[in-house]
Amino acid sequence: SADNNWITAALSGGNVFIINRQSGRIEHTLTGHTEDVRAVTFFPRSDMTLLASAGDDGLVNVWQFDNEEFRLIATYNHEAGINALASDGAYLAAGDNDGTIWRYYLETTADARNVVPETLTVNGGVVSLAFSPGDGQLLAVGTNNIQIEIIHLAEARTILTLPWGGAVAFSPDG
């Protein structure tokens, strides 16, 4: 979480667990999926705690913590299973087995309920995603065909393809 108090873990069976970082105890269990959860991400925000989860059921769930519990505030349904999630605070990206990436604008909780996602396509199934720090104008995408694509989001195009794949991350300085 943005305040470093929680760690989230997703295990088989569709549950998402919110774990106290200091005690190691499970504090919350989120039950909004019908199949295995493959990806979770906290939004890096200071004004509210948002968490997204996604999995083999094709669902992307957005949860908000209201000082007592996590409430499901939005669900987005996709035909293919979702393998990867990333957030820059205002946007959420979700990538699937078919190489489709959905980008949701979630600046407010009202946006979460009324969002119409942008879509991007890459060459291969998505296995990992990362927004560039700061302006969030770049999205790194690791694919299952052993490639990394760097997408310039404002232009909605791949600006660099690298000949290896897997997990991706930007350094803090971008």
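Structural data are supplied above this passage.
Residues numbered from 1 in each chain as written. Predicted model: local features only at pLDDT ≥ 70, side-chain atom pairs only at ≥ 80, totals over all residues. Heavy atoms only, no water.

A. Up close: the overall build of the chain. Helix and strand content of the chain: one helix and 15 strands. For 174 residues, the compact-globule estimate of 2.2 N^0.38 gives 16 Å, and the chain sits close to it at 15 Å. Taking the principal axes of its C-alpha atoms as reference, the chain extends roughly 45 × 35 × 30 Å. In the chain, which comprises 174 residues, the share counted as buried stands at 50%. In the chain, of all internal contacts separated by at least 6 residues, the share reaching a separation of at least 24 is 37%. Here the chain contributes 8 positive and 21 negative side-chain charges, whose respective centroids are spaced 5 Å apart. (Helix = DSSP H or I, 4+ residues; strand = E, 2+ residues; numbered from the N terminus. Rg over C-alpha atoms; globule rule 2.2 N^0.38 Å. Buried < 20%, exposed > 50% of the residue type's maximum accessible area, 1.4 Å probe, protein only. Contact = heavy atoms within 4.5 Å. Lys, Arg positive; Asp, Glu negative; His and termini not counted. Charge placed at Lys NZ, Arg CZ, Asp CG, Glu CD.)

B. Molecular detail of the side chain of Glu149. Along the chain, Glu149 turns up in strand E14 (residues 148-152). Arg157 provides the closest opposite charge to the buried, salt-bridge-free Glu149, at an N-O distance of 10 Å. Within polar-contact distance, the side chain of Glu149 engages the backbone nitrogen of Asn123 at 2.9 Å. When near neighbours in sequence (up to four residues on either side) are disregarded, Glu149 contacts Val122, Asn123, Leu139, Ala140, Val141, Thr158, Leu160 and Thr161. (Salt bridge = Lys/Arg side-chain N within 4 Å of Asp/Glu carboxyl O. Polar contact = N/O pair within 3.5 Å; in protein donor to acceptor, adjacent residues only side chain to side chain.)

C. Summary view of the sheet that holds strand E1 (residues 6-10). With respect to topology, three strands assemble into an open sheet ordered E1-E2-E3, the strand pairing being antiparallel. Since the sheet does not close on itself, it has two edges, and those belong to E1 and strand E3 (26-30), each with one partner. The sheet shows a mean angle of 20° between the axes of neighbouring strands, taken without regard to direction. As defined by bridge partners, E1 adjoins strand E2 (residues 16-20) across five bridges and the pair is classed as antiparallel. For Ile7, the partnering residue across the bridge sits in E2 and is Ile19. (Pairing = 2+ DSSP bridges. Axes fitted to C-alpha atoms, helices over the stretch in contact; angles between N-to-C directions.)

D. Layout of the pattern of salt bridges. Counted by the stated rule, this structure contains six salt bridges. The shortest N-O distance in the salt bridge between Arg103 and Glu118 comes to 3.0 Å. With Arg103 in strand E10 (residues 100-105) and Glu118 in strand E11 (residues 118-121), this residue pair connects regions lying 15 residues apart in the sequence. The exposure class of Arg103 is buried, given its relative accessible area of 10%. The class of Glu118 is partly exposed, set by a relative accessible area of 37%. Among the charged side chains, a salt-bridge network with shared partners connects Asp36, Arg38 and Asp56.

E. Structural view of the nonpolar core. Judged by nonpolar contacts, the single largest core of 20 residues is most densely connected at Val60, Tyr76, Leu85, Leu92 and Leu106. For this core, the secondary structure elements donating two or more residues are strand E5 (49-55), strand E6 (59-65), strand E7 (70-77), strand E8 (82-87), strand E9 (91-96) and E10. Excluding its chain neighbours within four sequence positions, the residues that come into contact with Leu85 are Ala39, Val40, Thr41, Ala52, Ser53, Ala54, Val60, Leu92, Ala93, Ala94 and Leu129. Counting 13 residues, the second-largest nonpolar core is a separate cluster that includes Leu120, Val122, Leu129 and Leu153. (Core = buried A, V, L, I, M, F, W, Y, C linked by side-chain atoms within 4.5 Å.)

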